[in-house]
Amino acid sequence: MASLRSYTPPPCARFLASSVLLLATATVLVAQEAQPRRPNIVLIYADDHAQHALSCYGSRLTTTPHIDRLARDGMRFSQSFVGNSICGPARATILTGLHSHAHGQGSNGPGFHNDLPTYAKLLQSSGYATAVVGKWHVSSPPTGFDHHAIKTGNYYNSTFRTEDGTEPSTGHVTDVITERSIAWMKEQSERDKPFAIWVSHSASHRTWMPALRHLAMFDGVTLPEPETLFDDYATRTDAIRTAQMRVSRDLFPAYDLKLSVTGKSILDNAATRLLDTMTDEQRRAWDAFFAPRNETYPGADATDAERTRWNWQRYIKNYLRTAAGLDDSVGAIRSFLETTGLTENTIVIYTSDQGFFLGDHGLYDKRFIYEESLRTPCIVSWPGVTKAGSTCDALVQNIDIAPTILSMARVPHDASMHGKDLSPLLRSETPADWRDAIYYQYRGTEPQARTSHLVAPHEGVRTDRFKLVHFEDSEAWELYDLETDPHELHNEADNEAFAEIREILERKLAQLRASYGVQ
Ligand code: CA
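Residues numbered from 1 in each chain as written. Predicted model: local features only at pLDDT ≥ 70, side-chain atom pairs only at ≥ 80, totals over all residues. Heavy atoms only, no water.

1. Digging into the overall build of the protein chain
Consideration 1: Scanning the protein chain from terminus to terminus reveals 15 helices and 16 strands.
Consideration 2: Taken against the 2.2 N^0.38 rule, which gives 24 Å for 519 residues, the C-alpha radius of gyration of the protein chain at 23 Å falls within 12% of a compact globule.
Consideration 3: Here the C-alpha coordinates of the protein chain stretch approximately 70 × 60 × 40 Å along the principal axes.
Consideration 4: Taken across its 519 residues, the protein chain has 60% of its residues classed as buried.
Consideration 5: Taking as baseline every contact in the protein chain between residues at least 6 positions apart, the subset at least 24 positions apart corresponds to 69%.
Consideration 6: Here the protein chain has roughly 20300 Å² of accessible surface; of this, 53% comes from carbon and sulfur atoms. (Helix = DSSP H or I, 4+ residues; strand = E, 2+ residues; numbered from the N terminus. Rg over C-alpha atoms; globule rule 2.2 N^0.38 Å. Buried < 20%, exposed > 50% of the residue type's maximum accessible area, 1.4 Å probe, protein only. Contact = heavy atoms within 4.5 Å. Areas by Shrake-Rupley, 256 points an atom, 1.4 Å probe, with all protein chains shown as cover.)

2. Side note on the side chain of Asn157
Consideration 1: Considering the arrangement of structural elements, one finds Asn157 in the loop between strand 5 (147-152) and strand 6 (159-162).
Consideration 2: Judged by its relative accessible area of 17%, Asn157 is buried.
Consideration 3: Here the side chain of Asn157 touches Gly171 through a polar contact of 2.9 Å, landing on its backbone nitrogen.
Consideration 4: A distance of 2.7 Å separates a polar atom in the side chain of Asn157 from the backbone oxygen of Thr277. (Polar contact = N/O pair within 3.5 Å; in protein donor to acceptor, adjacent residues only side chain to side chain.)

3. Details of the packing of aromatic side chains
How two aromatic rings sit relative to each other is given by the distance of their centres and the angle of their planes.
Consideration 1: What the rule picks out here adds up to 19 aromatic pairs.
Consideration 2: An angle of 75° between the planes, with centres 5.4 Å apart, marks the rings of Tyr45 and Trp198 as edge-to-face. Of the two residues, Tyr45 is situated in strand 1 (residues 40-46) and Trp198 in strand 8 (residues 195-200); the sequence distance between them amounts to 153 residues.
Consideration 3: Trp198 gets classed as buried once you look at its relative accessible area, which sits at 0%.
Consideration 4: Judged by centre distance (5.1 Å) and plane angle (25°), the rings of Phe368 and Tyr370 are stacked. The residues Phe368 and Tyr370 share a single accessibility class, namely buried.
Consideration 5: Taken together, the ring pairs connect Tyr45, Tyr119, Trp136, Phe145 and Trp198 into an aromatic cluster.
Consideration 6: The side chain of Arg236 reaches across the aromatic face of Tyr370, ending 4.6 Å from its centre.
Consideration 7: Above the plane of the ring of Phe289 lies Arg293, whose end atom (NZ or CZ) is 4.0 Å from the centre. (Phe/Tyr/Trp six-rings, centres within 6.5 Å; stacked < 30°, edge-to-face > 60°. Lys NZ or Arg CZ within 6 Å of the ring centre and 35° of its normal.)

4. Remarks on helix 8 (residues 266-276)
Because each turn of an α-helix spans 3.6 residues, side chains separated by three or four positions end up pointing in the same direction.
Consideration 1: Within the sequence span of helix 8, burial applies to Asp268, Ala270, Ala271, Leu274 and Leu275. The arc enclosing the buried residues of helix 8, seen along the axis, measures out at 150°, which places them on a common side. Every exposed residue of helix 8 that faces more than 90 degrees away from the buried side is listed here: Ile266, Arg273 and Asp276.
Consideration 2: Buried residues along helix 8 sit in contact with helix 9 (280-293). (Arc of directions from axis to C-beta.)

5. With respect to the coordination of the calcium ion
Consideration 1: Within the protein, Asp47 (OD), Asp48 (OD), Cys87 (SG), Asp353 (OD), Asp353 (OD) and Gln354 (OE1) serve as the donor atoms for the calcium ion, at 2.1 to 2.8 Å.
Consideration 2: One can describe the site at the calcium ion as irregular: its six donor atoms subtend angles covering 51 to 160° at the metal.
Consideration 3: In primary sequence terms, the donor set of the calcium ion follows D-D-x38-C-x265-D-Q. Separated by 307 residues along the polypeptide, Asp47 in the loop between strand 1 and helix 2 (65-73) and Gln354 in the loop between strand 9 (346-352) and helix 11 (371-374) bring together distant segments of the chain. Here the two residues Asp47 and Gln354 agree in accessibility, since each one is buried. (Donors = N, O, S within 2.8 Å, 3.2 Å for Na, K, Ca; no water. Tetrahedral: all angles 85-135°; square planar, octahedral: opposite > 155°, others 65-115°.)

6. Considerations on unusual backbone geometry
Consideration 1: The residue after Ala203, namely Ser204, is reached through a cis peptide bond having omega 5°.
Consideration 2: The topology assignment puts Ser204 in the loop between strand 8 and helix 7 (239-242).
Consideration 3: With an omega dihedral of 15°, the bond running from Arg206 to Thr207 counts as a cis peptide bond.
Consideration 4: Examined against the element boundaries, Thr207 turns out to sit in the loop between strand 8 and helix 7.

7. Notes on the sheet that holds strand 1
Consideration 1: The strand order across the open sheet built from ten strands is 7-6-5-4-8-1-9-10-2-11, with neighbouring strands paired in mixed fashion. Edge positions in the sheet fall to strand 7 (165-168) and strand 11 (390-392), since each of these pairs with one other strand and no more. Direction aside, neighbouring strands of the sheet carry axes that sit 15° apart on average.
Consideration 2: As judged from the five bridges shared by strand 1 and strand 8, these two strands associate in the parallel manner. In the sheet register, Leu43 faces strand 8, and the bridge partner there is Trp198.
Consideration 3: This element, helix 2, spans strand 2 (75-77), strand 9 and strand 10 (378-381) of the sheet and lies at about 60° to strand 10. (Pairing = 2+ DSSP bridges. Axes fitted to C-alpha atoms, helices over the stretch in contact; angles between N-to-C directions.)

8. Focus on the domain arrangement of the protein chain
A common way to state how big an interface is: give the accessible area lost once the parts meet.
Consideration 1: For the protein chain, the domain assignment lists domain 1 (4-208 + 316-429) and domain 2 (441-516).
Consideration 2: Computed from C-alpha atoms alone, the centre-to-centre distance between domain 1 and domain 2 is 29 Å.
Consideration 3: Across the contact, 28 residues belong to domain 1 and 26 residues belong to domain 2.
Consideration 4: Interface area for domain 1 against domain 2, summed over the two sides, is near 2100 Å², with a carbon-plus-sulfur share of 54%.
Consideration 5: When the buried surface of domain 1 facing domain 2 is broken down by residue, Arg367, Ile369 and Tyr370 rank first, second and third, together holding 29% of it.
Consideration 6: Linking domain 1 with domain 2 are two salt bridges, by the criterion used here.
Consideration 7: Between Arg462 and Glu371 there is a salt bridge, with the nearest N and O atoms lying 2.9 Å from each other.
Consideration 8: Summed over the shared surface of domain 1 and domain 2, the number is eleven residue pairs in polar contact (both at pLDDT 80 or more).
Consideration 9: Looking at the side of domain 1 that touches domain 2, the elements with two or more residues in it are helix 4 (100-103) and helix 11.
Consideration 10: Residue contributions to the side of domain 1 that touches domain 2 peak at three residues, all from helix 11.
Consideration 11: Partitioning the side of domain 1 that touches domain 2 into residue classes produces ten nonpolar, twelve polar and six charged. (Domains from an automatic or database assignment. Buried area = accessible area lost by both parts, 1.4 Å probe. Salt bridge = Lys/Arg side-chain N within 4 Å of Asp/Glu carboxyl O. Nonpolar A, V, L, I, M, F, W, Y, C, P; charged D, E, K, R; others polar.)

9. Regarding the nonpolar core
Consideration 1: Of all hydrophobic cores here, the largest spans 90 residues; its most connected members are Phe77, Tyr119, Met185, Trp198 and Tyr350.
Consideration 2: Broken down by element, this core gets its largest block of residues, seven residues, from helix 10 (residues 304-339).
Consideration 3: Those residues within four positions of Met185 in sequence are excluded, and the remaining contacts are Val42, Phe195, Ile197, Ile333, Phe336 and Leu337.
Consideration 4: Counting residues in each nonpolar core, the second largest holds 44 residues, with Trp208, Leu229, Tyr233 and Leu482 among its members. (Core = buried A, V, L, I, M, F, W, Y, C linked by side-chain atoms within 4.5 Å.)

10. Looking at the sheet that holds strand 13 (residues 438-442)
Consideration 1: Reading across the sheet, the four strands line up as 13-14-15-16 and stay open at both edges, with antiparallel pairing between neighbours. Looking at which strands have only one partner, the edges of the open sheet turn out to be strand 13 and strand 16 (476-481). The sheet shows a mean angle of 15° between the axes of neighbouring strands, taken without regard to direction.
Consideration 2: Note: strand 15 (residues 466-471) against strand 16, six bridges, orientation antiparallel.

Here you go:
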């Protein structure tokens, strides 16, 4: 398969011929259906790509030029959230438009109800060609996809499981997922069916191994630390104190920080195995970059703050370098659509399974309802429909993706889906009865949900200004006024001045639980 950088558009003659064919096919369909051909839908899905790691969302750390260009061509949702900030459940939500308790996969363990209607099954049965390429992580096999190529392994030289068996790959996984997705779209562009592909990246998930071409990004630069890197959690309940996701102490030396140590922990031993999957050439370049820079690791006489700062710089640079591959992917896919004449009838959606703590509150990882983890990017380019460069401030959530995709494809969505159709918002028409709050749950029933990073199960509700959180095991509550306290440093749950607000939010949480059938 051609590499990402060497991708060559089809020759002009072929391009013209296929365009004529497409035009002819479209004309027939118009005659048959008296409406234009249904759009192709490309869902580019990132893993752990936080809003504040995108320049179009105001990142202080990096630039994402290709994703920014997508936002300039379409609509950016400024208030976009997830319903459960973790990988597997979020993917099951994309498929079903349901919160976790209803689709069954409450954590990264088993439980998905594969008999549910999904956007993929409904598109496929309505005549779309459907595919998913990349990370799956749903606890049942892909259903509703004409083609699947599911990644196994980590960042380098992954294996893909397809309907025809397993196929090895050489290269960085973000590039390979992009190349495989483009190859499938190219095949579809020569057929008369509309297509829908879920380009499901595994970047920028731990353990942040960038492509070799991105290693030099930020080298020698000191990135600006988040304001809350040394959060003392003064007014919070215990949940954040007991969680194991601190930049200061919970990043593994080899696995996370790329230091040259072995035999220290299960994950550090796993790092050795990951490096062993590299080709000799890849490994030489990797070691040549990290070995000399590892000499700067703070010595035994360093303070805790100095070590935390070193850990953060090392972590965030590799995270952002890995995310740079996502931006390249958006650029390559849009370049392909342009050179094949597909842009005008192809909707491109960019979103992530959740956000991520980029050292905010001293943390990495996600799971918590706090803003950096709860927020997720959501950008949609729908040529001829979305106003270029527009921003929507309505509260939207990942449960909305499935009903929206179905609406775009003019397929009736299943009424049992929890999400709302975003199409009116994409037409710059916000319905008067649009939601005034979102519901959140991190409460898997399997032991894994309670032991991963030791994040206590919790539920919550967020309005455009306030957030109420309930930690079930401890019966503890947190309440934040996001207008006056955007970093969520002042828990007002027991502040008498917020008693009325708390009552309103508790009532709202109960209403949302009832409306979504939460037990
Ligand atoms: Ca994730």
